[in-house]
Amino acid sequence: MRNIVFLVASLIFLANISFSATAINTCLDSNANITAPGEYFLNFTVAGAPNTADNNVYGCIMINSSDILFDCNGFSMNGAGAGNDSAIVVYGNGTDRLTNVTIQNCPNINGYNFSGISFGQTENSTVQNVTIVNSTSAVFVAQSNNLLITNNTIRNTTANGVAIFLQTSHSNNVTNNILISDASYNAYQGIRSELNSENNTIDNNSVSGYDTGISLSTVHNNTIRNNIVSNTNGF
């Protein structure tokens, strides 16, 4: 019976991770700095943020290539709750913007002080099926366009934090996410779009326990529809 269970588990794993995918065992692995297209997955629970991006943001997984599938494979990522640390950092630059990056299947990104996932100068990418807990910004998006942020759960954003934060970013779709923060965390805003962000869609999200559920500041043609906002001091 034990052999059958092992076989079934192995088949499920292989159905989700291709044979050519690259395993990442710790944040200190050379593979944690992703510089070539391909599929990558966590092989164990990881902790910390020892790697540095040019923007002085520290991370565990640093993605500096287009055409990436990163899968947590059911494992956790644990931060120390200090400094500018993020679990996953996806950053292009002015001459080489990243595209087609997917981050998925992360059941517990916990305790990263700056953000769970940070995007900068990235296009046509996806965050899906991710749970982020105890971060100032669960998903931080700067100068990035055409991102899909969907089917994620964000809990207990830390004091004065914004769970999903769009800055100078356009045509992004934030949909079907659940954002819940206990009042004791003093979380600031659930979803915020600002700094001339244009044509973003915020749709079918559930936001509860933030000072403000959804906030717009100096934006153009953003669409907000079919969201449920509760236990807040303002929309």
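Refer to the structure above for everything that follows.
The present account deals with the structure reproduced in this document. (Residues numbered from 1 in each chain as written. Predicted model: local features only at pLDDT ≥ 70, side-chain atom pairs only at ≥ 80, totals over all residues. Heavy atoms only, no water.)

Our focus in this paragraph is the overall build of the chain. Helix and strand counts for the chain come out as 1 helix and 26 strands. What you see for the chain is a C-alpha radius of gyration of 17 Å, in line with the 18 Å of a compact globule of 235 residues. Summarising its shape, the C-alpha atoms of the chain cover approximately 55 × 45 × 30 Å along the three principal directions. The burial tally for the chain puts 49% of its 235 residues in the buried class. Here the contacts in the chain between residues at least 6 apart in sequence split such that 60% fall between residues at least 24 apart. Taken as two groups, the 5 positive and 13 negative side-chain charges of the chain have centres that lie 9 Å from each other. (Helix = DSSP H or I, 4+ residues; strand = E, 2+ residues; numbered from the N terminus. Rg over C-alpha atoms; globule rule 2.2 N^0.38 Å. Buried < 20%, exposed > 50% of the residue type's maximum accessible area, 1.4 Å probe, protein only. Contact = heavy atoms within 4.5 Å. Lys, Arg positive; Asp, Glu negative; His and termini not counted. Charge placed at Lys NZ, Arg CZ, Asp CG, Glu CD.)

We now examine the state of the cysteines. A covalent bond between the sulfur atoms of two cysteines is referred to as a disulfide. According to the stated counting rule, one finds 2 disulfides in the structure shown. Residue C27 pairs covalently with C60 via a disulfide, S to S 2.0 Å. Residues C27 and C60 share a disulfide whose torsion about the S-S bond is about -95°; that sign makes it left-handed. Pair noted here: C27 is in the loop between β1 (22-24) and β2 (33-34) and C60 is in strand β6 (residues 58-63), with a separation of 33 residues, a long-range link. A residue is classified by how much of its surface remains accessible, and C60, at 0% relative accessible area, is buried. Disulfide connectivity for the chain, with bonded cysteines indexed by sequence position, reads 1-2, 3-4. (Disulfide = S-S within 2.5 Å.)

A separate point is the packing of aromatic side chains. For the structure shown, the criterion picks out 2 aromatic pairs. Between F114 and F140, the ring centres sit 5.4 Å apart and the planes meet at 65°, which makes this aromatic pair edge-to-face. Of the two residues, F114 sits in the loop between β11 (101-110) and β12 (115-120) while F140 sits in strand β15 (residues 137-142), which places them 26 residues apart along the sequence. Classification of F114 as partly exposed rests on a relative accessible area of 24%. For the ring pair F140 and F165, a centre distance of 5.7 Å and an interplane angle of 90° mean the geometry is edge-to-face. With a gap of 25 residues between them, F140 in strand β15 and F165 in strand β18 (residues 162-167) connect regions that are remote in the sequence. (Phe/Tyr/Trp six-rings, centres within 6.5 Å; stacked < 30°, edge-to-face > 60°.)

Here we come to the side chain of S144. Considering the arrangement of structural elements, one finds S144 in the loop between β15 and β16 (148-150). Of the polar contacts made by the side chain of S144, one reaches the backbone nitrogen of T122; its length is 3.0 Å. A polar contact is formed between the side chain of S144 and the backbone oxygen of A142, at a distance of 2.9 Å. Excluding anything up to four places from it in sequence, S144 contacts R97, F119, G120, Q121, T122, T168, S169, H170 and N172. (Polar contact = N/O pair within 3.5 Å; in protein donor to acceptor, adjacent residues only side chain to side chain.)

A negative phi angle characterises most non-glycine residues, just as the trans form characterises most peptide bonds. Phi is positive for Q121, close to 50°, though the residue is something other than glycine. For Q121, the location among the structural elements is in the loop between β12 and β13 (122-123). Accessibility expressed as a relative area gives 18% for Q121, which makes it buried. In this model, N186 sits at a positive phi of 55°, which is unusual for a non-glycine residue. For N186, the location among the structural elements is in the loop between β20 (178-180) and β21 (189-194).

Where β1 meets strand β3 (residues 38-42), 3 bridges bridge the pair, whose relative direction is parallel. Bridged to T22 within β3 is Y40. The sheet contact formed by β3 and strand β7 (residues 68-71) spans 4 bridges and is parallel. Its bridge partner lying in β7, F41 is registered against D71. (Pairing = 2+ DSSP bridges.)

In this section: the pairing of β7. Of the pairings in the sheet, the one linking β7 to β11 comprises 4 bridges and is parallel in character. Across the sheet, L69 pairs through a bridge with T102, a residue of β11.

With respect to the element layout, S206 can be found in strand β23 (residues 206-208). Looking at S206, the relative accessible area reads 28%, which means it is partly exposed. Along the backbone, S206 and I63 are 143 residues apart, and their C-alpha atoms lie at a distance of 29 Å. S206 has contacts with N177, I178, L179 and I228, leaving out every residue within four places of it along the chain.

Limitation: the analysis is restricted to geometry and does not speak to function.
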